[in-house]
Amino acid sequence: MKHYLYLHAQSARSALLKILRQPFGNLLNLLMLAIALALPVSLYLGVSSLQQWTAKLNTTPQITLFMELSSEQADLAAVESSLKHHPRVASFRFVHKDAALKELEQRSGLNAISEGLGSNPLPHAFIVTPQALEPAMLDLLQKELSGLPMVELAQFDATWARKLHAMITLAGQLAWLLAVVFALAMVLINHNTIRMQILARQEEIAVSKLIGATDSFIRRPFLYHAAWQGGLSALLCWGLSSWLAYQANPALAEFASLYGIDAQLRSLQPLEVLGVLLGAMLLSMLGARLAADHHLRKNQPA
Amino acid sequence: MIRFDQVTKRYPGGHEALRNLSFTVESGEMVFLAGHSGAGKSTLLKLVSGIERATSGNVLVNNQNLSKLRASQLPYVRQHIGVVFQDHKILFDRTVFDNVMLPLDIIGFDRRDAQRRVRAALDKVGLAGKEKVMPIRLSGGEQQRLCIARAVVHRPSILLADEPSANLDRAYALDIMELFKSFHQVGVTVLISAHDETLMEDYGRRIIRLREGQFAA
Ligand SMILES: Nc1ncnc2c1ncn2[C@@H]1O[C@H](COP(=O)(O)OP(=O)(O)OP(=O)(O)O)[C@@H](O)[C@H]1O
Ligand SMILES: [Mg+2]
């Protein structure tokens, strides 16, 4: 067992030395992989940063309940008591139709609306703040509230918040999609580099097999090469995404301060770095394994 | 121990290189394999090392039936055999030392121990001073010795040599034969092929003569 580990440590070491011996060609390869990784990682970081800020924003939409014009004091009391006892309603506020009219007159500068009309055309209204809910649940709540007796209309006043939420969700999905695409690219790039290496060492492989090399012995240096390649490119990607955040943050902070928000693009957390590292290593090794297996199968003696 | 039991080898395309051959080479024996070009000498040796597999019949090596062994097990059989290939199979992209190191890497020897063994093997074949030389700069005879060093460095119990003295002058060829004799003397089973029988007759060993894949009279 100890000997087995010793052999693997040796393979790992010589694979790393091989990479370091050709720093230029390998650096290009590593950069290509790092960029392929950095794209989904940066998008992921952007999305999760955005989610953090929007959580701080008061994005909970409000629902305005307009009462029918003919509603009376008893109806208002009934609605009020249902709102009071509704579990999904965080708070609400009643706006009397006279107060609404006054506000309208003030805002529009037309003092004589009521005089000209003779009577107040505005309805009573309740402004309801729901508990933070998923968009689907908000829709349900809106429907439910519009069904209350003598309620004419229940209207969202913050559709923008829902749009924002939908956009963030979309960007999040895009990040995952990109991650899948670039995971595939990771496998393919490694498959290709390892295939080239195998072709360059074809003779050595053939002779090794003739004198007793097992398939796993043949594969081992290539798997280690790929693992280093994946691991190093993950570290490069970490550096790259941190650098991007560092570059973007001052401008972002200035922009966000206009809205009174404290916005920062975050960098990868230690656990996330570990995840990217392991993911990149495994995908790279998968590419190498496929390339090696393909070669071994093709060159199997009858 | 090597035993062939009614072994036939037919290559893809239908040519029968070996026909219904049966023989035994005991452990520690030294045997020559003679025959003209195309008689099937290389084929026979390839069956022993599991590089080719018998079409029918059984090939037993060290009590293992290679005909029944899974392909994934063959490497472990080869690790107990040393082969001097007819076409050398030297790797020209690395030094003499690293060529001889290859079998030990494959078996997984400890580095330090392996280096000691490589030096001993090179010393044994008379290439002690040429460790760091690239094989392309060796003479034909020296390349042959390099092959022998690589074939014995892991101390196999069976040594197969496919025409190791071809293209060498008689004196050099005798040197090489002496080398094989010395391995035989320490207990290695040795099987050597050649088409020049005069060299073998001097040694008074058993000779298996092949003609078109069968024993010659
Ligand atoms: N891979 C192969 N495919 C098809 N036929 C083969 C193959 N290898 C050998 N043969 C044929 O099998 C026969 C025996 O070949 P083999 O190489 O065993 O002869 P040999 O006795 O070693 O000859 P030489 O002294 O020239 O090396 C020959 O007719 C050869 O053409
Ligand atoms: Mg031959």
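Here the structure is a predicted model, which means the values were calculated and not measured. (Residues numbered from 1 in each chain as written. Chains lettered and ligands numbered in written order. Predicted model: local features only at pLDDT ≥ 70, side-chain atom pairs only at ≥ 80, totals over all residues.)

**Some points on the overall build of chain B**
Here's step 1: The helix and strand tally for chain B stands at seven helices and 10 strands.
Here's step 2: Here the C-alpha atoms of chain B give a radius of gyration of 17 Å, agreeing with the 17 Å that 2.2 N^0.38 yields for 217 residues.
Here's step 3: Structurally, chain B occupies a C-alpha span of about 45 × 40 × 35 Å along its principal axes.
Here's step 4: When the 217 residues of chain B are sorted by exposure, 41% land in the buried category.
Here's step 5: In chain B, once contacts between residues fewer than 6 apart in sequence are set aside, the share between residues at least 24 apart is 69%. (Helix = DSSP H or I, 4+ residues; strand = E, 2+ residues; numbered from the N terminus. Rg over C-alpha atoms; globule rule 2.2 N^0.38 Å. Buried ≥ 20, exposed ≤ 12 C-beta atoms within 10 Å, placed from the backbone. Contact = placed C-beta atoms within 7 Å.)

**Side note on the domain arrangement of chain B**
Residue and element names in this part refer to chain B.
Here's step 1: We note that the domain assignment places domain 1 (1-80 + 156-217) and domain 2 (90-154) within chain B.
Here's step 2: The interface is formed by 10 residues belonging to domain 1 together with 10 residues belonging to domain 2.
Here's step 3: Here the side of domain 1 that touches domain 2 gets four residues from one element, more than from any other, and that element is helix 6 (residues 170-185).
Here's step 4: Of the residues belonging to the side of domain 1 that touches domain 2, the class tally is eight nonpolar, two polar and no charged. (Domains from an automatic or database assignment. Nonpolar A, V, L, I, M, F, W, Y, C, P; charged D, E, K, R; others polar.)

**Examining the sheet that holds strand 5 (residues 64-65) of chain B**
Hydrogen bonds between backbone atoms are what pair the strands of a sheet, whose relative direction is either parallel or antiparallel.
Residue and element names in this part refer to chain B.
Here's step 1: Across the sheet, four strands lie side by side as 2-1-4-5; this open sheet has antiparallel pairing. Each edge of the open sheet carries a strand with a single partner, namely strand 2 (16-25) and strand 5.
Here's step 2: Across the face of the sheet, helix 1 (residues 41-48) comes into contact with strand 1 (2-10), strand 2 and strand 4 (56-61) while running at roughly 120° to strand 1. (Pairing = 2+ DSSP bridges. Axes fitted to C-alpha atoms, helices over the stretch in contact; angles between N-to-C directions.)

**Quick word on the UniProt feature "transmembrane region" (unreviewed entry) in chain A**
Here's step 1: UniProt annotation of "transmembrane region" (unreviewed entry) refers to residues 27-47, 166-189, 226-246 and 273-292 of chain A when read in the numbering used here.
Here's step 2: Helix makes up 100% of residues 27-47 of chain A and strand 0%. Its end C-alpha atoms lie 29 Å apart. (UniProt positions renumbered as here; feature names shortened; annotations may be inferred.)

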